[in-house]
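This is what each chain is made of:
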Amino acid sequence: MVQVVGIDHLVVRVSDYEKSKAFYGRLFAFLGFEVLGDYGDMIGWTNGKTRYWIGPCDAEGRKHKYRIGDVGFHHYAFELRSRQDVDDLEHFLKQEKVEIVDPAGEYYEDYYAVFFLDPDGMKLEGMKYGEKSAAKAKEKSGPA
């Protein structure tokens, strides 16, 4: 049987390639990514595990703005190491004047996240799940 072992990469089309390239370049540098490849009309970043690419949309795509709720991409979540990393990301986003649509907070039980928009209005998320549960389990098991 064929088995998927992960998602290799995501490619996002953007309306203003240079503006998005600058935005994602700063964001990914902050998140510890490096440029994987830059081909002039497409650029990708990786942290060794996750790959994220952008490229310009065509003329037809530039005729309408991206809208959350349309068919297709809703949001992309970056899993972070800790709740503190989520808070640090939110601080970075504020410094960069990035639109934060939902501030850092508990959105589900033990699910801490911040939601923000890229230059085209595509929703992105930095999140940490399970940190409180892991701490409780460790506390219950006692000293090692």
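In this text, all values refer to a predicted model and were calculated from it rather than measured experimentally. (Residues numbered from 1 in each chain as written. Predicted model: local features only at pLDDT ≥ 70, side-chain atom pairs only at ≥ 80, totals over all residues. Heavy atoms only, no water.)

1. Considering the overall build of the protein chain
Helix and strand counts for the protein chain come out as three helices and eight strands. Start at the N end of the protein chain and walk to the C end: the helices and strands fall as β-α-β-β-β-β-α-β-β-β-α. Taken along its principal axes, the extent of the C-alpha atoms in the protein chain is 60 × 40 × 30 Å. Within the protein chain, the fraction of its 144 residues that count as buried is 35%. Taking all contacts inside the protein chain whose residues are at least 6 apart in sequence as the whole, residues at least 24 apart take part in 52%. Here the protein chain displays about 9,500 Å² of accessible surface, and carbon together with sulfur accounts for 53% of that area. Across the protein chain, 20 positive and 25 negative side-chain charges occur, with their mean positions spaced 2 Å apart. (Helix = DSSP H or I, 4+ residues; strand = E, 2+ residues; numbered from the N terminus. Buried < 20%, exposed > 50% of the residue type's maximum accessible area, 1.4 Å probe, protein only. Contact = heavy atoms within 4.5 Å. Areas by Shrake-Rupley, 256 points an atom, 1.4 Å probe, with all protein chains shown as cover. Lys, Arg positive; Asp, Glu negative; His and termini not counted. Charge placed at Lys NZ, Arg CZ, Asp CG, Glu CD.)

2. Quick look at the packing of aromatic side chains
Aromatic ring pairs: the centre-centre distance and the angle between the two ring planes describe each pair. Summed over the entire model, instances satisfying the criterion amount to 18 aromatic pairs. With a centroid separation of 4.6 Å and an interplanar angle of 35 degrees, the aromatic rings of Phe28 and Phe33 are classed as tilted. The exposure class of Phe28 is buried, given its relative accessible area of 0%. Overall, Phe33 belongs to the buried group, its relative accessible area being 10%. Every member of this aromatic cluster is reached through a ring pair, and the members are Phe23, Tyr24, Phe28, Phe33, Trp45, Tyr52, Tyr76 and Phe78. A cation over an aromatic ring shows up here: Lys123 above the ring of Phe115, its NZ or CZ 4.8 Å from the ring centre. (Phe/Tyr/Trp six-rings, centres within 6.5 Å; stacked < 30°, edge-to-face > 60°. Lys NZ or Arg CZ within 6 Å of the ring centre and 35° of its normal.)

3. Here we look at the layout of surface pockets
Of the pockets and cavities examined, the largest pocket occupies roughly 550 Å³. In terms of lining residues, the largest pocket is bounded by 20 residues, among which Phe33, Asn47, Thr50, Phe78 and Glu79 are the most central. Elements with a minimum of two residues in the lining of the largest pocket: strand 1 (9-14), strand 5 (75-79) and helix 2 (83-95). The dominant element in the lining of the largest pocket, judged by the number of residues it contributes, is strand 5, at four residues. (1 Å grid on protein atoms, 1.4 Å probe; cavity = no way out; pocket = protein on both sides within 12 Å on 5 of 7 lines; lining within 4 Å. Points joined across faces, edges and corners; volume = space filled by probe spheres on them.)

4. Description of the sheet that holds strand 2 (residues 34-38)
On the basis of which strands lie adjacent, the open sheet formed by four strands has the order 1-4-3-2 and mixed pairing. The open sheet has two free edges, formed respectively by strand 1 and strand 2, since each of these has just one partner strand. Adjacent strand axes in the sheet meet at a mean angle of 20 degrees when their direction is disregarded. Along the sheet, helix 1 (residues 17-30) contacts strand 1, strand 2, strand 3 (43-46) and strand 4 (51-56); its crossing angle with strand 4, the most-contacted strand, is approximately 165 degrees. (Pairing = 2+ DSSP bridges. Axes fitted to C-alpha atoms, helices over the stretch in contact; angles between N-to-C directions.)

5. Here's the deal with the nonpolar core
Counting 25 residues, the largest nonpolar core has Tyr24, Leu27, Tyr52 and Ile54 as its most contacted members. Taken together, the elements giving at least two residues each to this core come down to strand 1, helix 1, strand 3, strand 4, helix 2 and strand 7 (111-117). (Core = buried A, V, L, I, M, F, W, Y, C linked by side-chain atoms within 4.5 Å.)

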